Amino acid sequence: AQKITQTQPGMFVQEKEAVTLDCTYDTSDPSYGLFWYKQPSSGEMIFLIYQGSYDQQNATEGRYSLNFQKARKSANLVISASQLGDSAMYFCAMRESNTGGFKTIFGAGTRLFVKA
Amino acid sequence: GAGVSQSPSNKVTEKGKDVELRCDPISGHTALYWYRQRLGQGLEFLIYFQGNSAPDKSGLPSDRFSAERTGESVSTLTIQRTQQEDSAVYLCASSLGSTGELFFGEGSRLTVL
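As the structure is a prediction and not an experimental result, all values here were calculated from the model. (Residues numbered from 1 in each chain as written. Chains lettered and ligands numbered in written order. Predicted model: local features only at pLDDT ≥ 70, side-chain atom pairs only at ≥ 80, totals over all residues. Heavy atoms only, no water.)

Enquirer: Help me understand the overall build of chain A in this model?
Expert: Of the regular secondary structure elements, chain A holds 0 helices and 12 strands. Dimensions of chain A, computed from C-alpha atoms along their principal axes, come out at roughly 45 × 30 × 20 Å. For chain A, buried positions account for 47% of its 116 residues. Total accessible area computed for chain A in this model is approximately 5,600 Å², and 49% of it derives from carbon and sulfur atoms. For chain A, the distance from the average position of its 11 positive side-chain charges to the average position of its 10 negative side-chain charges is 3 Å. (Helix = DSSP H or I, 4+ residues; strand = E, 2+ residues; numbered from the N terminus. Buried < 20%, exposed > 50% of the residue type's maximum accessible area, 1.4 Å probe, protein only. Areas by Shrake-Rupley, 256 points an atom, 1.4 Å probe, with all protein chains shown as cover. Lys, Arg positive; Asp, Glu negative; His and termini not counted. Charge placed at Lys NZ, Arg CZ, Asp CG, Glu CD.)

Here it is as structure tokens:
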């Protein structure tokens, strides 16, 4: 069963506008973490933001915020004031406990195109 | 350097040959991951090492794939009898214990002819 679902293969946004990238997850572990990573065309993986399952407030990092809705098991990434450099693949990831430690798995990704 | 180091950065091999990919994690990071990323696709979990615990091998696609890690240091991913479908970028990542984000290497691009 798919544990991390990103339903938007591609998204377009106008420069300077906000965009929301969707992510839903499935876990029975009460303690888990959610991450977003950016992968530009260069291929490097860039950590953007983290949300813990027990965190009361939504995480924010500069122009990035995570809209965490625990009951709905969603962890959408909001990018405000989009810039041309935001054009990239974006991956949602979940870290959950398993025997021996914590495993991190990734969604299929959303490709974001920022238009000038 | 201070980051995750992977080698080789590029490997071209013939079908049926064995390959070894190496990952040198950030010093002190107890967790180490291998992922496979085919062109235009997401990250496919392969294997996870956490300290001295038994590795989680649940993502290895076949018995041609294996990985080792000595303590909390270097890891090698071995692919035996390579097939064309093994062509991908193999990404290694490490993290500080069970918390914190993953730090990724630049990947090893494998091309099987």
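Read on for the rest.
Enquirer: What am I meant to see in the interface of chain A and chain B here?
Expert: Where interface size is quoted, it is often the accessible area lost as the parts come together. Opposite the 17 residues of chain A that make contact, chain B presents 19 residues. Overall, the association of chain A and chain B removes approximately 1,500 Å² of surface from exposure, summing both partners, and the carbon and sulfur fraction of that is 55%. The largest share of the area that chain A buries against chain B comes from Phe102(A), Lys103(A) and Phe106(A), three residues that together contribute 29% of it. There are 1 salt bridge connecting chain A and chain B. Measuring nitrogen to oxygen at the nearest pair gives 3.6 Å for the salt bridge that ties Asp56(B) to Lys103(A). Scanning the region where chain A abuts chain B turns up 5 residue pairs in polar contact (both at pLDDT 80 or more). A per-class count over the side of chain A that touches chain B returns 9 nonpolar, 6 polar and 2 charged. (Contact = heavy atoms within 4.5 Å. Buried area = accessible area lost by both parts, 1.4 Å probe. Salt bridge = Lys/Arg side-chain N within 4 Å of Asp/Glu carboxyl O. Polar contact = N/O pair within 3.5 Å; in protein donor to acceptor, adjacent residues only side chain to side chain. Nonpolar A, V, L, I, M, F, W, Y, C, P; charged D, E, K, R; others polar.)

Enquirer: What is the right way to look at the environment of Val19(A) in this model?
Expert: Residues and elements named next belong to chain A. Mapped onto the elements of the fold, Val19 is located in strand β3 (residues 19–21). The class of Val19 is buried, set by a relative accessible area of 6%. The contact partners of Val19, leaving out residues within four places of it in the chain, are Met11, Val13, Leu77, Val78, Ile79, Ser82 and Leu112.

Enquirer: Explanation requested: the sheet that holds strand β1 (residues 5–7) of chain B in the structure shown.
Expert: The strands that make up a sheet are held in pairs by hydrogen bonds between backbone atoms, and each pair lies either parallel or antiparallel. All names here are of chain B. Reading across from one edge, β1-β3-β7-β6 is the order of the 4 strands in this open sheet, with antiparallel pairing throughout. Edge positions in the sheet fall to β1 and β6 (65–69), since each has one partner strand and no second. Ignoring which end each strand starts from, the neighbouring axes of this sheet average 15° apart. Where β6 and strand β7 (residues 75–79) come together, 5 bridges link them in antiparallel fashion. By the bridge assignment for β7, Phe65 is matched with Ile79. (Pairing = 2+ DSSP bridges. Axes fitted to C-alpha atoms, helices over the stretch in contact; angles between N-to-C directions.)

Enquirer: Help me understand the state of the cysteines in this model?
Expert: A disulfide bridge is the covalent bond that connects two cysteines by way of their sulfur atoms. All names here are of chain B. Summed over all chains, the structure comprises 2 disulfides over all chains. Bridging Cys23 to Cys92, the disulfide has an S-S length of 1.8 Å. Residues Cys23 and Cys92 share a disulfide whose torsion about the S-S bond is about -70°; that sign makes it left-handed. Remark: Cys92 occurs in strand β8 (residues 88–95) and Cys23 occurs in strand β3 (residues 19–24); sequence separation between them is 69 residues. On the basis of relative accessible area, Cys92 is assigned to the buried category, the value being 0%. (Disulfide = S-S within 2.5 Å.)

Enquirer: How do you make sense of the pairing of strand β6 (residues 46–52) of chain A when you look at a structure like this?
Expert: A regular strand carries its side chains on alternate faces of the sheet. All names here are of chain A. With 6 bridges connecting them, strand β5 (residues 32–39) and β6 associate as antiparallel partners. Opposite Tyr37, over in β6, you have Phe47 as the bridge partner. Hairpin connection from β5 to β6: 6 residues lie between these consecutive antiparallel strands, with Gly43 at a positive phi of about 95°.

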